[in-house]
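Working through the structure, step by step
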Amino acid sequence: EDHRGDLEDFQLRIHPDDLSRVMESWEAHNRGLTPSFEAEYRTLTGSGKYKTVLNRARVNTMDETGKPVRIFGALFDMSQHQRSLEIERASSVQYRFVLDNIPIPIMLVNKNGDLIHSNRKLRQMFDFAPQVYGKPVNVFQNTLFTQSGINRLLHETLIKASKTSSELTYTPGKEKSRTLKCFV
């Protein structure tokens, strides 16, 4: 595409909603407040459509009045990256919807043992609050696995398995192991 290469041309191509933010960043660099200019914004293409770009530049030479004479930089097309992020967000929403609506209790724990997600069924059964997210599972084990919560879990499991009784052994925190009996 043909560009005149001056500041006016640069400003005319920036999407109006991005212009003030981009120009503030540019002016901060020109005044020497930042070592380089970096901004992600929408720019008008030769076809009349906008695309998202990442602009990184540095004023190399200024004239005696302080006006930039030589600028080095690079412009990266971020359109594909933006589309990938949108697809990833949509996929995440769909994944969480499916996970939340599975009728069995599920918790997702990262490699450090921190709770990162639980589905609706688990939250209903154990009545725990969102502040447990990001904490190691063993930190809130006594709160999460209460006697009533485990009884509800056993009760639902027994009903689905068509049994009349069952036992579950678990270790809550630092306490000794307990065996719970549940009868339907």
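Provided above is the structure to which this section pertains.
Residues numbered from 1 in each chain as written. Predicted model: local features only at pLDDT ≥ 70, side-chain atom pairs only at ≥ 80, totals over all residues. Heavy atoms only, no water.

With respect to helix H3 (residues 79-100)
Its 22 residues give H3 an end-to-end C-alpha distance of 32 Å, which sits within 8% of 32 Å, the value for a rise of 1.5 Å per residue. On its buried side, H3 packs onto strand E2 (50-62), strand E3 (68-77), strand E4 (107-109), strand E5 (115-118) and helix H4 (120-126). (Helix = DSSP H or I, 4+ residues; strand = E, 2+ residues; numbered from the N terminus. Expected span 1.5 Å × (residues − 1). Contact = heavy atoms within 4.5 Å.)

Topic: the packing of aromatic side chains
According to the stated counting rule, one finds 4 aromatic pairs in the structure shown. An angle of 55° between the planes, with centres 6.4 Å apart, marks the rings of Phe-10 and Trp-26 as tilted. You can see Phe-10 sitting in helix H1 (residues 7-13) and its partner Trp-26 sitting in helix H2 (residues 16-30), a full 16 residues away along the chain. For Trp-26, a relative accessible area of 7% translates into the label buried. An angle of 90° between the planes, with centres 5.3 Å apart, marks the rings of Trp-26 and Phe-37 as edge-to-face. Of this pair, Trp-26 sits in helix H2 while Phe-37 sits in strand E1 (residues 37-44), and the two are 11 residues apart along the sequence. (Phe/Tyr/Trp six-rings, centres within 6.5 Å; stacked < 30°, edge-to-face > 60°. Buried < 20%, exposed > 50% of the residue type's maximum accessible area, 1.4 Å probe, protein only.)

Focus on the nonpolar core
Judged by nonpolar contacts, Ile-14, Val-22, Met-23, Trp-26, Phe-37, Ala-39, Tyr-41, Val-53, Ala-57 and Val-59 together constitute the single largest core of 10 residues. Looking at this core, the elements with two or more residues in it are H2, E1 and E2. Setting aside its immediate chain neighbours within four residues, Val-59 contacts Trp-26, His-29, Asn-30, Pro-68, Arg-70 and Ile-71. (Core = buried A, V, L, I, M, F, W, Y, C linked by side-chain atoms within 4.5 Å.)

Section: the pairing of E5
The side chains of a regular strand alternate, residue by residue, between the two faces of the sheet. The pairing of E4 with E5 spans 3 bridges and is antiparallel. Within E5, the position partnered with Val-109 by the bridge is Leu-115. Once E4 ends, the chain turns through 5 residues before running back antiparallel as E5, passing Gly-113 with a positive phi of about 85°. (Pairing = 2+ DSSP bridges.)

Remarks on the pattern of salt bridges
Should their charged atoms come close, side chains of opposite charge can pair. Inspection of every chain in the model, using the stated rule, returns 5 salt bridges. Several salt bridges share partner residues, and in doing so they unite Asp-18, Arg-21 and Arg-42 into one network. (Salt bridge = Lys/Arg side-chain N within 4 Å of Asp/Glu carboxyl O.)

Focus: the environment of Leu-7
On the secondary structure map, Leu-7 appears in helix H1. By relative accessible area, Leu-7 is classed as partly exposed at 38%. Counting along the chain gives 61 residues from Leu-7 to Pro-68, while the straight-line C-alpha distance between them is 9.8 Å. Non-local contacts of Leu-7, meaning those with residues more than four positions away in its chain, are made with Met-23 and Trp-26.

Here's the deal with the pairing of E1
By the alternation rule, side chains of E1 split into Phe-37, Ala-39, Tyr-41 and Thr-43, which are all buried, and Glu-38, Glu-40, Arg-42 and Leu-44, of which none is buried. Sheet topology note: the E1/E2 ladder contains 8 bridges and is antiparallel. Across the sheet, residue Ala-39 finds its bridge partner in E2, namely Asn-55. The antiparallel pairing of E1 with E2 creates a hairpin that spans 5 residues between the two strands, and Gly-48 there sits at a positive phi of about 90°.

Considering the sheet that holds E3
Note: strands within a sheet are paired through backbone hydrogen bonds, in either parallel or antiparallel orientation. Pairing is antiparallel in the open sheet, where 3 strands are placed in the order E1-E2-E3. Every interior strand has two partners, whereas the edge strands, E1 and E3, have only one. Taken over all neighbouring pairs, the strand axes of this sheet differ in orientation by 35° on average, direction set aside. Where E2 meets E3, 9 bridges bridge the pair, whose relative direction is antiparallel. (Axes fitted to C-alpha atoms, helices over the stretch in contact; angles between N-to-C directions.)

Structural notes on the side chain of Asn-119
With respect to the secondary-structure elements, Asn-119 resides in the loop between E5 and H4. Here Ile-102 takes part through its backbone oxygen, which lies 3.3 Å from a polar atom of the side chain of Asn-119. Apart from residues no more than four positions distant in its own chain, Asn-119 is found in contact with Leu-99, Asp-100, Ile-102, Ile-104, Pro-105 and Ile-106. (Polar contact = N/O pair within 3.5 Å; in protein donor to acceptor, adjacent residues only side chain to side chain.)

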